[in-house]
Amino acid sequence: MKQPQQVTGHPYQAVAASIAAKIDAGELKPGEKLPSVRALARDRGVSPMTAQKALTQLAEDGYAEVTAGLGYFVTQPGELHDDPLAAIHRQIDALNATVADLAQRLERLEEQSG
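Residues numbered from 1 in each chain as written. Predicted model: local features only at pLDDT ≥ 70, side-chain atom pairs only at ≥ 80, totals over all residues. Heavy atoms only, no water.

**Student:** Go over the overall build of the protein chain with me, naming the residues and quoting the values.
**Tutor:** The helix and strand tally for the protein chain stands at four helices and two strands. When the helices and strands of the protein chain are placed in sequence order, the string is α-α-α-β-β-α. The buried share of the protein chain, taken over its 114 residues, is 34%. Summed over all atoms, the accessible surface of the protein chain reaches about 6,900 Å², with 56% contributed by carbon and sulfur. (Helix = DSSP H or I, 4+ residues; strand = E, 2+ residues; numbered from the N terminus. Buried < 20%, exposed > 50% of the residue type's maximum accessible area, 1.4 Å probe, protein only. Areas by Shrake-Rupley, 256 points an atom, 1.4 Å probe, with all protein chains shown as cover.)

**Student:** Outline the confidence of the model for the protein chain, supporting the account with residue identities and numerical values.
**Tutor:** Low-pLDDT stretches of the model should not have their predicted coordinates read in fine detail. Within the protein chain, residue pLDDT values average 82, and 82% of them lie at 70 or more. Of all helices and strands in the protein chain, the one with the weakest mean pLDDT is helix α4 (residues 84-113) (79), whereas helix α2 (residues 37-44) scores best (95). (pLDDT = per-residue confidence, 0-100.)

**Student:** Tell me about the packing of α2 against helix α3 (residues 48-60), residues and numbers included.
**Tutor:** Orientation of α2 relative to α3, taken along the N-to-C sense of each, is 110 degrees, at an axis distance of 8 Å. With respect to α3, the axis of α2 lies roughly perpendicular. Between α2 and α3 the crossing geometry is right-handed. Within the contact between the two elements, α2 uses V37, L40 and A41 and α3 uses P48, A51, Q52 and L55. Classifying every residue of the contact of α2 with α3 by side-chain character gives six nonpolar, one polar and no charged. (Axes fitted to C-alpha atoms, helices over the stretch in contact; angles between N-to-C directions. Parallel < 35°, antiparallel > 145°, perpendicular 65-115°, else oblique. Left-handed = near helix turned anticlockwise from the far one by under 90°. Contact = heavy atoms within 4.5 Å. Nonpolar A, V, L, I, M, F, W, Y, C, P; charged D, E, K, R; others polar.)

**Student:** Pulling in residues and values, what's your account of the nonpolar core?
**Tutor:** Of all hydrophobic cores here, the largest spans 23 residues; its most connected members are I19, L34, L55, L58 and Y72. Of all elements in the fold, only α1 (11-24), α2, α3, β1 (64-67), β2 (71-74) and α4 reach the threshold of two or more residues within this core. Counting residues per element, this core draws most heavily on α1, which supplies six residues. Those residues in contact with I19 that sit more than four places away from it in its chain are L28, L34, L40, R44 and L58. (Core = buried A, V, L, I, M, F, W, Y, C linked by side-chain atoms within 4.5 Å.)

**Student:** Explain the packing of aromatic side chains to me, and be specific about the residues and the numbers.
**Tutor:** In the structure shown here, the tally under the stated rule is zero aromatic pairs. In this structure, K33 is placed above the aromatic ring of F73, and the distance from its NZ or CZ to the ring centre is 6.0 Å. (Phe/Tyr/Trp six-rings, centres within 6.5 Å; stacked < 30°, edge-to-face > 60°. Lys NZ or Arg CZ within 6 Å of the ring centre and 35° of its normal.)

**Student:** Describe α3, naming the residues involved and giving the relevant values.
**Tutor:** Across its 13 residues, α3 extends 18 Å between first and last C-alpha, which sits within 8% of the 18 Å expected from 1.5 Å per residue. Within the span of α3, buried status applies to T50, A51, Q52, A54, L55, T56, Q57, L58 and A59. Of the residues trailing α3, G62 is marked for its positive phi of about 90 degrees. (Expected span 1.5 Å × (residues − 1).)

**Student:** Give me the environment of T50: which residues, what numbers.
**Tutor:** By secondary structure assignment, the location of T50 is in helix α3. Between the alpha carbons of T50 and Q13 there is a distance of 8.8 Å; along the sequence they are 37 residues apart. Filtering out sequence-adjacent residues up to four positions away, T50 remains in contact with P11 and Y12. Of the polar contacts made by the side chain of T50, one reaches the side chain of S47; its length is 3.0 Å. (Polar contact = N/O pair within 3.5 Å; in protein donor to acceptor, adjacent residues only side chain to side chain.)

Right, dumping it as structure tokens:
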């Protein structure tokens, strides 16, 4: 699997790299659920957007896959193929997860303001 890019100044890449290292070391097993965006943000002391970008990066790099409504899961090594259609589906799933998270945030903000 491709290692997540590490560029200084991008906290999401550091978060993604640390999770990828745990996957590579076998600390996180295939099929295991990764933390939710909120839990990851809280645990790592980053914003929810940074946590979302980290999970998306892991999915793009083949370390995880997203199941809409359920979250991100560690993938089996070599499980994700270079099939362009599968890559598009993974990206759509990641976007759906982001939209769902944003909708929940908006709902909470609306409840708090009114």
